[in-house]
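Spelled out from the first residue to the last, the chains are:
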Amino acid sequence: MNRVSRQCPGVFIILLSTCFVVVACGGGVTTADPFESPAGFEAALRQAGAVVRPGNEQGPPVLDITPQSLYIGDELVWVYPMKEPLDSSLVVEAFAGEPFVWTKDHLIVKYGGSEGGLILLIDGILGEALIKPSAAGNEPYPPAIPAAISKISGTLGIEPSEVEVRTYANQDWKDACLELSQPGEACAQVITPGWRILLKVGAREIEVHTDYLGENVRWNAP
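Structure report, in brief. Quick caveat, the model's predicted, so the values are computed rather than measured.

Side note on the pattern of salt bridges
What the rule picks out here adds up to six salt bridges. Through salt bridges with shared partners, one network takes in Glu164, Arg166 and Glu205.

A closer look at helix H1 (residues 38–47)
Residues Pro38, Gly40, Phe41, Glu42, Ala44 and Leu45 constitute the buried set of H1. Contacts made by the buried residues of H1 are with strand E4 (52–54), strand E5 (68–72), strand E6 (75–81), strand E8 (107–111) and helix H3 (116–126). Gly49 sits one or two residues past H1 and shows a positive phi near 100°.

Quick look at unusual backbone geometry
A positive phi angle, close to 55°, is found at Leu63, a residue other than glycine. Considering the arrangement of structural elements, one finds Leu63 in the loop between E4 and E5. The backbone phi angle of Asp64 is positive, close to 65°, even though this residue is not glycine. Within the fold, Asp64 resides in the loop between E4 and E5.

Here we look at a nonpolar patch on the surface
Taken together, Leu63, Leu86 and Leu90 make up a surface patch of nonpolar side chains, about 210 Å² in accessible area. Assignment of secondary structure puts Leu90 in helix H2 (residues 88–94).

Considering the packing of aromatic side chains
Counting across every chain of the model gives five aromatic pairs. For the ring pair Tyr168 and Trp195, a centre distance of 5.8 Å and an interplane angle of 55° mean the geometry is tilted. Taken as a pair, Tyr168 in strand E9 (residues 163–173) and Trp195 in strand E10 (residues 192–201) lie far apart in primary sequence, 27 residues in all. Joined through ring pairs, the aromatic side chains of Phe100, Trp102 and Tyr111 make up one cluster. One Lys or Arg, Arg53, reaches over the ring of Tyr71 and ends 4.2 Å from the middle of that ring.

Re the nonpolar core
The biggest cluster of nonpolar side chains holds 23 residues, and the ones touching the most others in it are Phe41, Leu45, Ile72, Trp102, Val109, Ile122 and Leu126. Listed by contribution, the elements that provide at least two residues to this core are H1, E5, E6, strand E7 (100–104), E8 and H3. At six residues, the largest contribution of residues to this core is made by H3. Counting 18 residues, the second-largest nonpolar core is a separate cluster that includes Tyr141, Ala144, Ile149 and Trp195.

Describing the state of the cysteines
What the rule picks out here adds up to one disulfide. Covalently, Cys177 is tied to Cys187 through a disulfide, its sulfur atoms 1.9 Å apart. Between Cys177 and Cys187 the disulfide shows an S-S torsion of about -95°. By sign, it is left-handed. Linking Cys177 in the loop between E9 and E10 with Cys187 in the loop between E9 and E10, this pair joins segments that are ten residues apart in sequence.

Some thoughts on the pairing of E5
Most of E5 sits inside the fold, with four of its five residues counted as buried. Here E4 runs beside E5; their pairing, made up of three bridges, is antiparallel. Note that in E5 the partner of Arg53 across the bridge is Tyr71. Pairing geometry for E5 and E6, over five bridges, is antiparallel. Residue pairing for E6: Gln68 is matched across the bridge by Val79. If you look at the hairpin formed by E5 and E6, you'll find two residues sitting between the two strands, and Gly73 has a positive phi there, around 65°.

The rules behind these values
Residues numbered from 1 in each chain as written. Predicted model: local features only at pLDDT ≥ 70, side-chain atom pairs only at ≥ 80, totals over all residues. Heavy atoms only, no water. Salt bridge = Lys/Arg side-chain N within 4 Å of Asp/Glu carboxyl O. Buried < 20%, exposed > 50% of the residue type's maximum accessible area, 1.4 Å probe, protein only. Helix = DSSP H or I, 4+ residues; strand = E, 2+ residues; numbered from the N terminus. Contact = heavy atoms within 4.5 Å. Patch = residues over 30% accessible without salt bridge, like charges linked within 9 Å, V, L, I, M, F, W, Y side chains within 5 Å. Areas by Shrake-Rupley, 256 points an atom, 1.4 Å probe, with all protein chains shown as cover. Phe/Tyr/Trp six-rings, centres within 6.5 Å; stacked < 30°, edge-to-face > 60°. Lys NZ or Arg CZ within 6 Å of the ring centre and 35° of its normal. Core = buried A, V, L, I, M, F, W, Y, C linked by side-chain atoms within 4.5 Å. Disulfide = S-S within 2.5 Å. Pairing = 2+ DSSP bridges.

Take a look at the structure:
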């Protein structure tokens, strides 16, 4: 039984991961901290597979901080470098009414869109957004979606950003094998809540079946 269905044409999800750049230095290593500067944040995004480029837009200062514009894919994000970390209550007051705002150490990041994969990516790097809308339509993808992306991209040997999410819907599968059993596989005949996900890789569409959390991911191999 389908309970929830969402259409996501043209939206590319980026695999959620928190990444750090490690560089050999003499007898030890140094880590580019994504919380210390816009450059560190950009490095973490690129390490996670995101396509990042500086923007030319000029944003108004907030809390006496002039922001830098940054494009993650086609989405515009504003990055505010702080000399010293600010109390979160000051940030909430200054950015009241904005859709998504993150703050971590010396950075404030503002995003005015609702692309689920991007929100999950920034959550993974900076932690949960300090300010976010309560409307369900702006919520990030459920965990099963990035799990399906990870499984497909890993199997096909491609970047997660090359996988497009077309649709996804709640599905009650008739068995524990998500109605995609392998030859000779014994499947418990129990209703298994999960997701029916339609992904696109190039010109190819792939229907993926998962359980609710994405711990079991299956699809029809060509």
